[in-house]
Amino acid sequence: MLRKVHKSAARKMITLEVLGRTTLSPHFVSVTLGGPELAHLESSGFDQGVRLFFPREGQSGLRMPTLSSEAWLAEFMLLPKTRRPWVRNLTIRRFRPERSEIDIEFAVHGDSPMSRWVRRVQPGDPAGIFDIGRTYLPAAHARWQLLVADESALPATLSILEQAPETLTAQVFLEVPEAADIRADLTAPPGVRVHWLPRTDPHQRPGVLALDTVRAAELPPGPCYAWVAGESKLATGLRRHLVGDRGLAKPDIGFVGYWRHGRSSPG
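Source: prediction; values computed, not measured. In every chain, residue numbers begin from 1 and rise along the written sequence. With the structure being a predicted model, the display of local features is reserved for residues of pLDDT at least 70 and the display and counting of side-chain atom pairs for 80 or more, all residues being used for whole-chain, interface and lining totals. Only hydrogens and water are set aside when side-chain values are computed; all heavy atoms of the structure are taken into account.

Draft legend 1. Just helix H5 (residues 232-244), in detail. Taking 1.5 Å of rise per residue, the 13 residues of H5 would be expected to cover 18 Å, and the 18 Å separating its terminal C-alpha atoms lies within 8% of that figure. Think of it in three bands: residues with accessible area under 20% of the maximum for their type are buried, residues over 50% are exposed, and the middle band is partly exposed, with areas taken using a 1.4 Å probe on protein chains only. By the criteria applied, helices consist of DSSP H or I runs no shorter than four residues and strands consist of E runs no shorter than two, each listed in order from the N terminus. Within the span of H5, buried status applies to Ser232, Leu234, Ala235, Gly237, Leu238, His241 and Leu242. Note on contacts: a residue pair is in contact if any heavy atoms of the two residues lie within 4.5 Å. In this structure, the buried side of H5 is in contact with strand E7 (144-149), helix H4 (208-216), strand E10 (224-231) and strand E11 (253-259). We call two N or O atoms a polar contact when they sit within 3.5 Å, provided that within protein one can donate a hydrogen and the other can accept it, with sequence-adjacent residues counted only if both atoms are side-chain atoms. Backbone nitrogen of lysine 233 and a side-chain oxygen of the N-cap are separated by 2.8 Å at the start of H5; the cap is glutamate 231. Expected helix span is taken as 1.5 Å per residue step, with the number of steps being one fewer than the number of residues.

Listed below in C-alpha cells is the structure:
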C-alpha cells in the first residue's frame with residue numbers, strides 16, 4: 001500500500017555479495033552489501049527502497065530475475081520454488097558509492113525466512129537488489145512534519161532524519177519492540193523532537209502503541225506533511241485520524257503499509 005512513489009529513471013537488477021553483518025540491538029541487525037554493480041544504482045535518498053533477493057536455505061546460489069522492469073515478477077513466479085529466491089522490500093539505510101557499499105537494517109524477530117537468512121548470513125554470500133524508489137515526498141508548503149513508524153520502518157525513518165535539512169521541524173514517533181532497541185546515537189536536526197515508544201507488552205500488535213500515542217498527542221498548528229509507515233493498520237488508521245480528526249489534506253500524507261500482522265509475505 002503506497003500513497004505516492006518517486007522512482008529513478010533507469011533501474012536494473014543488481015547482483016551483490018554480503019560484506020559484513022552487525023548486531024545493533026536485540027531486534028535489529030545491519031547487513032552490508034557491496035559489489036561493482038552498485039555503479040548502476042541511482043540514489044534517490046531518504047527512504048529509498050529496494051527489493052532484496054536472497055537465497056532460500058539449501059540453495060547453492062542466487063537466481064536473480066533478468067528483466068529490469070515490473071515484468072520481473074512474472075518471470076520470478078514462473079521459476080520453481082527450488083530455484084526461486086526469497087524477495088522482500090527493504091530500505092537502504094546508508095549508501096557509500098565511493099566504496100560500492102550499502103547498508104540495510106533488518107528488524108529481526110520470529111522464524112521468518114528473512115530473519116533466518118539474516119541470522120545465518122556470512123561474508124561472501126550472494127544477494128541482489130532492485131530499486132523501487134522512495135515514498136517520503138514532503139509538501140513544499142508544510143511548516144512542520146509528522147513522522148510515525150513501527151520497527152519495520154525504523155531504518156527508513158532514521159535514514160530520512162540523517163539526510164534531512166538542518167531547518168527541518170518535526171515530531172517523530174518511533175515504536176520499537178523494547179527499550180534496548182532505542183538508538184542513543186540518533187542523528188537529527190535541532191528542530192526535530194523524537195518520541196521513542198518501546199512496547200511493554202510483548203504480545204501487543206506492532207503499531208497499536210504508535211497509533212494510540214499520536215491520536216492523543218498535542219501536535220503543532222499550521223500546515224503539516226505527515227509520513228507514516230509500518231504495519232498496515234498503523235498506516236491506514238493514522239491516515240484516517242489525520243484526515244478526519246485533524247483536518248490534514250490527503251495529498252499531504254504519505255502512508256506505507258510495509259506488512260500485515262499475522263500474514264506472511266509470498267515467496
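Once the structure has been displayed, the description carries forward.
Draft legend 2. Geometry of the sheet that holds strand E4 (residues 86-96). Note on pairing: DSSP must find at least two bridges between two strands before they are called paired. With antiparallel pairing, 6 strands are arranged side by side around a closed barrel as E1-E2-E5-E4-E3-E6. Each strand axis lies, on average, 45 degrees off the axis of its neighbour in the sheet, ignoring direction. In terms of strand pairing, strand E1 (residues 13-25) meets strand E6 (residues 126-133) through 5 bridges, oriented antiparallel. Among the inter-strand pairings, leucine 16 is bridged to a residue of E6, identified as alanine 127. Axis lines are fitted to C-alpha atoms, over the contacting stretch for helices. Their N-to-C directions set the angle, which ranges from 0 to 180 degrees. Against the sheet, helix H2 (residues 113-120) makes contact with E1, strand E2 (28-34), strand E3 (49-54), E4, strand E5 (101-107) and E6, and its axis sits at roughly 125 degrees relative to E5, the strand it touches most. In this fold helix H3 (residues 154-163) packs onto E2, E4 and E5, with an angle of close to 25 degrees to the strand it touches most, E4.

Draft legend 3. Summary view of the sheet that holds strand E8 (residues 170-176). Strand order across the open sheet formed by 5 strands is E9-E8-E7-E10-E11, with parallel pairing between neighbours. In this open sheet, the two edge strands, each paired with only one partner strand, are strand E9 (192-198) and E11. Neighbour-to-neighbour, the strand axes of the sheet open up by a mean angle of 10 degrees, direction not taken into account. In terms of strand pairing, E8 meets E9 through 7 bridges, oriented parallel.

Draft legend 4. Layout of the packing of aromatic side chains. Side-chain rings of Phe, Tyr and Trp (the six-membered ring for Trp) are treated as a pair once their centres are within 6.5 Å; stacked means planes under 30 degrees apart, edge-to-face means over 60, and tilted covers the remaining angles. Considering all chains together, one arrives at 7 aromatic pairs under this definition. Put simply, the rings of Phe46, Tyr136 and Tyr225 touch in pairs and so form one group of aromatic residues. Charge over a ring is defined by NZ of Lys or CZ of Arg lying within 6 Å of the ring centre and within 35 degrees of the ring normal. Stacked on the ring of tryptophan 86, the Lys or Arg arginine 56 has its end atom at 3.9 Å from the ring centre. Across from the ring centre of phenylalanine 76, 5.6 Å away, lies the NZ or CZ of arginine 84, which sits over that ring.

Draft legend 5. Quick peek at H2. The set of residues buried in H2 consists of Pro113, Met114, Ser115, Trp117 and Val118. Against the buried residues of H2 lie E1, E2, E3, E4, E5 and E6.

Draft legend 6. Fine view of the packing of H4 against H5. Interhelical geometry of H4 versus H5 gives an angle of 15 degrees and a closest axis separation of 9 Å. One element, H4, and the other, H5, form an angle in the roughly parallel class. By crossing handedness, the relation of H4 to H5 is classed as right-handed. Contacts from Ala210, Leu211, Val214 and Arg215 of H4 reach H5 at Lys233, Leu234, Gly237, Leu238 and His241. Any residue outside Ala, Val, Leu, Ile, Met, Phe, Trp, Tyr, Cys, Pro, Asp, Glu, Lys and Arg is labelled polar, Gly included; the first ten of those are nonpolar and the last four are charged. The residue makeup of the contact of H4 with H5, split by class, is 5 nonpolar, 2 polar and 2 charged. Angles below 35 degrees are treated as roughly parallel, those above 145 as roughly antiparallel, those between 65 and 115 as roughly perpendicular, and all remaining angles as oblique. Note: crossing handedness is left-handed where the near helix turns anticlockwise from the far helix by less than a right angle, and right-handed where it turns clockwise.

Draft legend 7. The pattern of salt bridges, seen in detail. Within this document, salt bridges are pairs made up of a side-chain nitrogen of Lys or Arg and a carboxyl oxygen of Asp or Glu, the two lying within 4 Å of each other. Applying the stated rule across the entire model yields 14 salt bridges. Notably, a salt bridge pairs glutamate 162 with arginine 94, separated by 3.1 Å at the nearest N-O pair. Here arginine 94 lies in strand E4 and glutamate 162 lies in helix H3, a separation of 68 residues in the sequence. Relative accessible area serves as the criterion here: at 34%, arginine 94 is assigned to the partly exposed category. Here aspartate 111 ties to arginine 116 by a salt bridge, and the two come within 3.6 Å at their closest N and O atoms. Through salt bridges with shared partners, a single ionic network connects Arg93, Arg94, Glu105, Glu162 and Arg183.

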